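Observations on the three-dimensional arrangement
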Amino acid sequence: MEQSELGDSHSCGGCSRNDEIISVEAPARLDTLPEDCISMVVSHTSPRDACVVASVSKTVKSAAGSDLVWEKFLPQDYSSLVPRSVDFSSKKEIYMSLADDSVLIDDGKKSIWWEKGSGKKCYMLSAMDLNIIWIDRPLYWKWNTDPESKFEKVAELRHVCCFRIRGKISCGMLSKGTHYLVYLVFKRTSGGSVGFEETPMEAQVGFVGKESSKSFVLLEPSRRGYRYSCVWRRPVYREFRTGRPREGVRGEREADGHVEEPKERGDGWSEVKLGNFYISDGGCDDDGDEIEFAIMEPRNSEMGQRKSGLIFQGIEIRSLPNHQILTISDLKYQQSLKLLY
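Presented here is an overview of the structure given in this document. Owing to the predicted nature of the structure, the values given are computational and were not obtained by experimental measurement.

Calculation rules
Residues numbered from 1 in each chain as written. Predicted model: local features only at pLDDT ≥ 70, side-chain atom pairs only at ≥ 80, totals over all residues. Heavy atoms only, no water. Buried < 20%, exposed > 50% of the residue type's maximum accessible area, 1.4 Å probe, protein only. Helix = DSSP H or I, 4+ residues; strand = E, 2+ residues; numbered from the N terminus. Polar contact = N/O pair within 3.5 Å; in protein donor to acceptor, adjacent residues only side chain to side chain. Contact = heavy atoms within 4.5 Å. Salt bridge = Lys/Arg side-chain N within 4 Å of Asp/Glu carboxyl O. Phe/Tyr/Trp six-rings, centres within 6.5 Å; stacked < 30°, edge-to-face > 60°. Pairing = 2+ DSSP bridges. Core = buried A, V, L, I, M, F, W, Y, C linked by side-chain atoms within 4.5 Å. Arc of directions from axis to C-beta.

Counting buried residues in helix α5 (residues 91–100) gives seven out of ten residues, a clear majority hidden from the surface. Those residues of α5 that fall on the buried side of the exposure criterion are K91, I94, Y95, M96, S97, L98 and A99.

Here it is, written out as structure tokens:
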């Protein structure tokens with residue numbers, strides 16, 4: 001028992017009104033509880049938390065790594081995603097394997113995995129699962145294989161003057177209470193691309209039947225750096241922002257103007273963010289509702305410009321890691337990463 005001094009306390013079980021010294025039972029340490037109780041508590045947290053708390057003691061580590069805990073973190077349909085040729089020793093091992101490596105679903109047209117720290121579902125829709133204008137014309141597009149792709153086929157752009165790629169995913173496939181980011185995954189051909197350098201494309205992300213968020217993206221990195229005008233939708237170069245506008249852009253009004261640029265992923269591909277969306281804790285109004293995403297030429301841009309030389313693997317839908325949403329101390333986050341990865 002541990003004694004604490006409290007001032008002017010008049011209602012406390014087991015103590016006198018005239019006695020300012022009362023007895024308060026010290027809280028029990030987590031590792032003094034029965035192991036199954038510890039497991040039950042940890043199962044109501046997250047995979048990241050389970051790995052962090054495992055450092056408390058050997059008892060807690062054993063409880064936090066139990067099947068009771070990690071089966072709670074696995075989606076209900078996880079058994080259909082587990083390769084039958086692999087013999088896993090625990091539910092935690094199954095979880096980690098499916099967080100490290102994606103699994104092909106939907107006849108190889110999609111891949112699924114989950115964000116390791118939260119267990120949120122993530123997907124990539126292959127080019128075969130997207131609506132690409134003129135994809136059925138061999139003169140314009142070509143289906144190829146690529147050793148760096150997780151899918152059987154990738155779409156190679158040979159030559160088009162009208163560029164548009166669309167895709168959809170059902171809300172019922174996504175995790176509730178989750179912020180998602182949408183990325184286009186692509187690379188250049190060996191001969192390089194034509195028609196995309198410093199030519200922003202319009203990106204759209206949103207629920208089908210509702211207004212979509214719009215942004216502008218580049219599929220080739222900008223060499224001179226610019227923002228995008230909301231008036232005629234053409235480049236406004238850095239000189240304009242510094243008070244020395246180039247000829248032809250004087251007087252244009254800048255709005256948000258941000259243009260997303262592609263980044264290398266480290267797996268042989270590049271990606272550019274198309275937008276984001278949120279699935280609420282209650283999910284969608286109907287699990288059949290869909291999220292739609294697209295990338296295309298701006299409607300009032302100059303049409304007819306030849307474009308070629310890019311290879312598209314697909315569109316990736318990734319959950320935003322919890323540590324990027326919540327405020328967590330750098331030390332605690334670093335510790336969780338070491339334990340988790």
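Next comes the rest of the write-up.
Mapped onto the elements, T178 comes out in strand β10 (residues 178–188). At a separation of 3.4 Å, a polar atom in the side chain of T178 contacts the side chain of K120. At a separation of 3.0 Å, a polar atom in the side chain of T178 contacts the main-chain carbonyl oxygen of K176. If near-sequence neighbours (up to four positions away) are discounted, T178 is found in contact with K120, F277, Y278, I279 and S319.

One pass over the structure, following the stated rule, counts 15 salt bridges. Notably, a salt bridge pairs D129 with K110, separated by 2.9 Å at the nearest N-O pair. Linking D129 in the loop between β5 (121–126) and β6 (131–132) with K110 in strand β4 (residues 110–114), this pair joins segments that are 19 residues apart in sequence. Its relative accessible area of 23% is what places D129 among the partly exposed residues. Of the charged contacts in the structure, one is a salt bridge between D146 and K187, with a shortest N-O distance of 3.2 Å. Of this pair, D146 sits in the loop between β7 (141–144) and β8 (154–157) while K187 sits in strand β10, and the two are 41 residues apart along the sequence. The burial state of D146 is the same as that of K187; both residues are buried. Salt bridges sharing partners connect three or more residues here, namely R265, D267, E271, E316 and R318.

Applying the stated rule across the entire model yields nine aromatic pairs. Taking the centre distance of 5.1 Å and the plane angle of 90° together, the rings of W70 and F73 count as edge-to-face. Of this pair, W70 and F73 both sit in helix α4 (residues 67–73), three residues apart, which is roughly one turn of the helix. The same class applies to W70 and to F73, which are both buried. One aromatic cluster is present, formed by W141, F163, F186, F196 and F312 through successive ring pairs.

Across the ten residues of strand β17 (residues 270–279), seven count as buried, placing the element largely inside the fold. Summarising the sheet, β10 and β17 pair through nine bridges and their orientation is antiparallel. Bridge pairing in β17 links F186 to S270. The pairing of strand β16 (residues 263–264) with β17 spans two bridges and is antiparallel. Along β17, the bridge assignment pairs E264 with S270. Joining the antiparallel neighbours β16 and β17 is a turn of five residues, in which G266 adopts a positive phi near 95°.

Quick look at unusual backbone geometry now. Non-glycine residue D107 carries a positive phi angle of around 55°. Tracing the backbone through its elements, the reader meets D107 in the loop between β3 (103–105) and β4. The exposed category is assigned to D107, whose relative accessible area is 77%. One non-glycine residue, W134, adopts positive backbone phi at about 70°. Topologically, W134 is positioned in the loop between β6 and β7.

F163, L219, L274 and F312 are the most contacted members of the largest nonpolar core, which totals 62 residues. The element best represented in this core is α5, accounting for five residues. Residues in contact with L219, not counting those within four places in the same chain, are F163, L184, F186, F196, P262, V272, I295, L310 and F312. Residues W113, C122, M124 and V185 belong to the second largest nonpolar core, which totals eight residues.

Let us now look at the pairing of strand β19 (residues 310–319). With nine of ten residues buried, β19 is to be regarded as a mostly interior element. Taken together, the four bridges between β5 and β19 define a ladder with antiparallel strand orientation. Each residue of the ladder has a partner; that of Y123, found in β19, is I317. Where β8 and β19 come together, two bridges link them in antiparallel fashion. Within the sheet, the bridge partner assigned to E156 lies in β19 and is I311. The pairing of β10 with β19 spans nine bridges and is antiparallel.

A few words on helix α1 (residues 35–42). Two residues of an α-helix separated by three or four positions point the same way, owing to the 3.6 residues in each turn. Among the residues of α1, I38, S39 and V42 are the ones counted as buried. Looking straight down α1, one finds that the buried residues subtend no more than 100° of arc, so they occupy a single side. Packing partners of the buried residues in α1 comprise α2 (47–53), α3 (58–64) and α4.

A few words on the sheet that holds strand β9 (residues 164–170). Adjacent strands of a sheet form backbone hydrogen bonds with each other and so pair up, either parallel or antiparallel. The strand order β6-β9-β18-β11-β12-β15 describes an open sheet built from six strands, whose pairing is mixed. Edge positions in the open sheet fall to β6 and β15 (259–260), since each of these has one partner strand only. As judged from the two bridges shared by strand β12 (residues 213–217) and β15, these two strands associate in the parallel manner. Among the inter-strand pairings, F216 is bridged to a residue of β15, identified as V259.

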